[in-house]
Structure formats: structure tokens, C-alpha cells
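Here's the letter readout for the chains.
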Amino acid sequence: MDTPLDSASTPAYDAVRPAPRALATEAVHAGRDDLARQGLHAPPIDLSTTYPSYDSRAEAARIDAFATDGAELDGTPVYGRLGNPTVARFETALARLEGTESAVAFASGMAALSAVLLVRSAMGLRHVVAVRPLYGCSDHLLTAGLLGTEVTWTDPAGITDALRPDTGLVMVETPANPTLAEVDLRAVAHACGSVPLLADNTFATPVLQRPAEQGARLVLHSATKYLGGHGDVMAGVVACDEELAGRLRQVRFATGGVLHPLAGYLLLRGLSTLPVRVRAASATAAELAARLADDPRVARVHYPSIGGAMVAFEVHGDPHDVIGGVGLITPAVSLGSVDTLIQHPASISHRIVDADDRRGAGVGDRLLRMSVGLEDVEDLWADLDRALGVRPGQPQVRGLHQAMS
Ligand SMILES: *Cc1c(COP(=O)(O)O)cnc(C)c1O
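Please read these numbers as outputs of a predicted model, since none were measured by experiment. (Residues numbered from 1 in each chain as written. Predicted model: local features only at pLDDT ≥ 70, side-chain atom pairs only at ≥ 80, totals over all residues. Heavy atoms only, no water.)

## Here we look at the overall build of the protein
For clarity, the cut-off: By the criteria applied, helices consist of DSSP H or I runs no shorter than four residues and strands consist of E runs no shorter than two, each listed in order from the N terminus. With C-alpha atoms as the basis for the radius of gyration, the globule rule is written as 2.2 Å multiplied by the number of residues raised to the power 0.38. Each residue gets one of three labels from its accessible area relative to the maximum for its type: buried under 20%, exposed over 50%, partly exposed in between, using a 1.4 Å probe on protein chains only.
On a plain count of helices and strands, the protein comes out with 15 helices and 12 strands. Its C-alpha radius of gyration of 22 Å places the protein within 12% of the 22 Å reference for a compact globule of 405 residues. The dimensions of the protein, computed from C-alpha atoms along their principal axes, are 80 × 50 × 35 Å. Put simply, the protein has 405 residues, and 53% of those count as buried.

The following block contains the structure:
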């Protein structure tokens, strides 16, 4: 992939590796470094499913090479499931933001996690050690053993003892969905020894945390969330070294969980505003977390030490009433969009996890999870304040606009 860009002789995207640049600069330039010299400004969207080639001997050699190490094909692509130039731009950009050699994109976060599990299982390493809480469906995939894996749940201190000769992966989320619990990635990576650590970095994004720098060998994102950032793309991506990336591309080719090129385009566009969005939403979230912590209607607030745009809180009253009472805030699962969303994990995002396991992981029945967007903080607070209802011991004073609505 270090091919210098000499001419427009190939329609494929040739990644250029420039000198290290600041995150904000990478966010708007990575994956686009060749554009100006091609006379382009916006990246092209290549919707081709197949590519013509008059040299089938050369194609045979390229497919043999892919079967050996899964390296990205040089030059013109062959078939959409083997790789796509628009998606490759997003992969290059995300790898640079996470500080890894490579990244491999998938149709969703769950497709990305599935590919990682299949890569390790195919090597005979079917055992996974994982720390709760994880995103509800990640927990479900591991607990149900749907891909033939076997999981041992433990806390960070128990990781070393839980490792077995057939352990292929250690998995953590930090801050975790939905409690925002944090783990010390450096300590966990050390505890893993030679077993690869996968850190789900969906909540923090590379703006707040770069797990590869702390020893994680695989960094997973549900790109559906902050990377896309506008609630209109489903995608997943794994940032890792080139050796694992090759295996992931081979699994993606064989199992078909590819990302659509239009989604690749939207994600690349989403990355360009990622640092600005995450910082602005985090400032608002920190302010809302502080106000909630001071509010007598709120029993407990969870907000990560590293910051971020997610806030979780437990209410004294009925959490379903809060969900039913929001107006400006949208009552919906998912997160990381420009608008604020709130949901009740025990009913939705973590419903698929067994109730005892869920509660044991700190996901209580009164817990609400809010993804703070880019609205004005006072408008958000006014909506939350209304949805939280009457303060204990304080009669509600109905404003005119409430009486009329
Ligand atoms: C949403 C989510 C996932 C799953 O991603 P999809 O894109 O919905 O498949 C995985 N991990 C975390 C932390 C998530 O929030």
C-alpha cells in the first residue's frame, strides 16, 4: 500500500503515508491525500461490483496472493467483496486516527466482532475471556456461543487466571456500554500476556482514547455510532496490525459482511468532523452530568473519567416515565448522533442479556443511558428537567407552554 501516486493510471485508491500529523489534521486529510493531485476535492464513490481485466494470468496471481496473506490488492480491484476503493479510504483514515497499521471495515459492528471471533476460532483458539458489561449483543454473541466460541466472564483482576491454552481473545469495553465503567487498558493488556486484547472503543472514539497505544492489539468500533455520527449509516471496523487485518479481510471475503461503498463515503465524511463533534458534545455531557448529580430526583450519575458524550444515571422514580416524558430528546436506542438520544438499557440495548447477568454487571432496572448531541445545553436541560417530573417534596409549577402542550 506504500505505492507512490505517480499518475491516474489506476482507478484504485493508493494510500499515501505522510508524516505523522495531529488528530484534527488526520481527521480531515487521512484517506484523501491523493485527491488534489488527481484533480479532485470530494472523494469519488466507486459503486462497481466487478472490474474488467484482460489479463487473467495476473488476476490469478493476485488472488493467490490474497489467499496467502489477505493483503489489500494492488491496482484495480477484482470484485466488490475483495475490496472497494471508497471503503479503503475510510479504512486508511480510521487506522491513522487509531494509530494502527491497518483497519478493516464491515457491514456493522457485530459483523466486525464476528469476523474477529472467526479469525481466532479458525486457528483453533475458541476460548474468549471477557469483562462485563459489554454492549448487549456482544454479550449475547459470546454467551450464546453462536459462532462456536466459549466465554469465561471475569473482572480485570481475574484475566490472567482465566487464560487457557486455547484462549484466542480477551475482550473489554471502556468506557463500557451502558454503565460507562472504565478499565485500565494498560494493566489489562499486560494481564493478557501473548493473547490479543480487543478493546471496543465505540464510546471513547480515538479523540478521547487510543487503545492500541495502551497495548490493545485489536480496536473495535461500531462505526454506526460516533464515526458515522449522524444516525444514518450502519458499519463496523477493526483497527489492528497488518497481520490480523489480512486474516480479517480473508474472513470478510469468505463470509460477505462487506461495507457498502456509499457507507464508506459517509463514514469518511463523518470522520472529518469527529474531533469537533466529540469535544462539543462531551462539554455538554459533562455539564448535564454535573446538574444531574446535584438533582434530588437522581440517585446516581455515571460519567467517565476520560470524559465523553455519554451519560448514564439512575433515577429514584420510574425510568419508563422519563423515557415517555422527553420531547426534544429522542427516546431511541443507539448513540453518537448529532442529536440527543435516551434509552432504558434493561428494556432495549441490554434486554437480550439474562436479567441476573445484566444486574450483576451493574445494569440496574433504574438506569438510563443518554447519548448527548450537539443541541444547546439549556434546551437539553429544560427537556430533562421536565421529563424527570416533580422533585420529591416540591409541587410542580406548570409553565404556560406546558399547560398548552
Ligand atoms: C452498537 C454497539 C455495537 C454493535 O454495533 P452495530 O453497528 O450495531 O452492529 C458494539 N459495541 C458497542 C459498544 C456498541 O455500542
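## Notes on the nonpolar core
Formally: Remark: nonpolar core denotes a set of buried residues (Ala, Val, Leu, Ile, Met, Phe, Trp, Tyr, Cys) joined through side-chain atoms within 4.5 Å. Note: domain ranges come from an automatic or database domain assignment. In what follows, a contact means two residues having at least one pair of non-hydrogen atoms within 4.5 Å.
Ranked by internal contacts, the top residues of the largest apolar core, which has 36 residues, are Phe-90, Leu-94, Leu-227, Leu-259, Leu-267 and Leu-271. Listed by contribution, the elements that provide at least two residues to this core are helix H1 (23-29), helix H3 (85-98), strand S1 (102-106), strand S7 (236-240), helix H10 (261-272), helix H11 (274-293) and strand S9 (310-315). Ranked by residue count, the leading element in this core is H3, at six residues. Looking at which domains feed residues into this core, each of domain 1 (23-272) and domain 2 (275-388) gives three or more. Every residue in contact with Leu-259, bar those within four places of it in the chain, is listed here: Val-87, Phe-90, Ala-105, Phe-106, Ala-107, Met-234, Ala-235, Gly-264 and Leu-267.

## Some details on the site of the ligand
Note the following rule: Residues are classed as near a molecule or strand on a simple rule: at least one heavy atom within 4 Å of it. Two N or O atoms form a polar contact when they lie within 3.5 Å of each other; inside protein one atom must be a possible hydrogen donor and the other a possible acceptor, and for residues adjacent in sequence the pair counts only when both atoms belong to side chains. Throughout, the Shrake-Rupley method with a 1.4 Å probe supplies accessible areas, and for residues the shown protein chains are the sole cover considered.
For the ligand, the set of nearby residues contains 15 residues, the closest of which are Met-110, Asp-200, Ser-222, Thr-224 and Lys-225. Note that a nitrogen atom of the ligand is positioned 2.7 Å from one of the side-chain N or O atoms of Asp-200. With respect to the ligand, the side chain of Thr-224 contributes an N or O atom lying 2.7 Å from an oxygen atom. Relative to its free-state accessible area of 380 Å², the ligand is covered by the protein chains to the extent of 94%.

## Points about the confidence of the model for the protein
Here is the rule: Per-residue confidence from the predictor is reported as pLDDT, a score between 0 and 100.
Mean pLDDT for the protein: 93, with 92% of residues reaching 70 or above. Confidence drops under pLDDT 50 across residues 1-12; counting only partners more than four residues distant or on other chains, this segment forms 18 contacts. This model gives residues 398-405 a pLDDT under 50, and the stretch forms five contacts once residues within four places in sequence are excluded.

## Regarding H11
Rules: Multiplying 1.5 Å by the helix residue count minus one yields the expected span of that helix.
Helix length check: H11, at 20 residues, gives a terminal C-alpha distance of 28 Å against a target of 28 Å (1.5 Å per residue), a fit within 8%. Within H11, the full set of buried residues consists of Leu-274, Pro-275, Arg-277, Val-278, Ala-281, Ser-282, Thr-284, Ala-285, Leu-288, Ala-289 and Leu-292.

## What to know about the sheet that holds strand S8 (residues 298-302)
In plain terms, the rule: One requirement defines pairing of two strands: DSSP has to find at least two bridges between them. Each axis is a line fitted through C-alpha atoms, taken for helices only over the stretch in contact, and angles between the N-to-C directions span 0 to 180 degrees.
On the basis of which strands lie adjacent, the open sheet formed by five strands has the order S8-S9-S12-S11-S10 and mixed pairing. Since the sheet does not close on itself, it has two edges, and those belong to S8 and strand S10 (330-331), each with one partner. Across the sheet, helix H14 (residues 377-388) is in contact with S8, S9, strand S11 (341-343) and strand S12 (367-371); its angle to S9 comes to roughly 20 degrees.

## Some words on empty space enclosed by the protein
Heads up, the rule is: Using only the protein atoms, space was sampled on a 1 Å grid; points where a 1.4 Å probe fits but cannot get out form cavities, open sets with protein on both sides within 12 Å along at least five of seven lines form pockets, and lining residues are those with an atom within 4 Å of a point. Grid points are joined across faces, edges and corners, and a volume is the space filled by probe spheres set on the points. Three residue categories are used. Nonpolar comprises Ala, Val, Leu, Ile, Met, Phe, Trp, Tyr, Cys and Pro, charged comprises Asp, Glu, Lys and Arg, and polar comprises the others, including Gly.
Using the criterion set out here, one finds three cavities of 30 Å³ or more in the structure. Size it by volume and the largest cavity reaches roughly 60 Å³. Considering the residues around the largest cavity, the lining is formed by Tyr-226, Gly-229, Arg-277, Val-278, Ala-281, Gly-336, Ser-337, Val-338, Val-372, Gly-373 and Leu-374. For the lining of the largest cavity, the residue count by class is six nonpolar, four polar and one charged.

## Focus on the environment of Gly-264
Looking at the element boundaries, Gly-264 is found in helix H10. Among all residues touching Gly-264, those that are not within four sequence positions of it are Thr-86, Val-87, Phe-90 and Leu-259.

## Examining the sheet that holds S7
Pairing in this open sheet of seven strands is mixed, and the strands run S1-S7-S6-S5-S4-S2-S3 from one edge to the other. Pairing within the sheet leaves two strands with one partner each, and these edge strands are S1 and strand S3 (150-154). Here the strands of the sheet are splayed against their neighbours by 20 degrees on average, with no regard to which way each runs. Bridging between S1 and S7 involves five bridges; their strand directions are antiparallel.

## Looking at the pairing of strand S4 (residues 167-173)
Among the seven residues that make up S4, seven are buried, leaving the element largely enclosed by the rest of the structure. The pairing of strand S2 (residues 127-131) with S4 spans four bridges and is classified as parallel. Bridging from a neighbouring strand, Val-128 pairs with Leu-169 of S4. Bridge count for S4 against strand S5 (residues 197-200) is four bridges, and the pairing is parallel.

## What to know about the packing of aromatic side chains
Threshold: Any two rings among Phe, Tyr and Trp, with Trp reduced to its six-membered ring, count as a pair given centres within 6.5 Å; such a pair is stacked if its planes are under 30 degrees apart, edge-to-face if over 60, and tilted if neither.
Throughout the structure, instances matching the rule amount to one aromatic pair. Ring centres 5.5 Å apart and planes at 80 degrees place the aromatic pair Phe-66 and Phe-253 in the edge-to-face group. Of this pair, Phe-66 sits in helix H2 (residues 56-69) while Phe-253 sits in helix H9 (residues 242-255), and the two are 187 residues apart along the sequence. On the accessibility criterion, Phe-66 (5% relative accessible area) is buried. We classify Phe-253 as partly exposed; its relative accessible area is 30%.

## Quick word on the pairing of strand S6 (residues 218-222)
Of all five residues in S6, five are buried, a share of seventy percent or more. Of the two faces of S6, the one lined by Leu-218, Leu-220 and Ser-222 and the one lined by Val-219 and His-221 are each fully buried. Note that S5 and S6 share three bridges and pair parallel. For Asp-200, the partnering residue across the bridge sits in S6 and is Leu-220. The pairing of S6 with S7 spans five bridges and is classified as antiparallel. Counterpart to Val-219 in the pairing with S7 is Ala-239.

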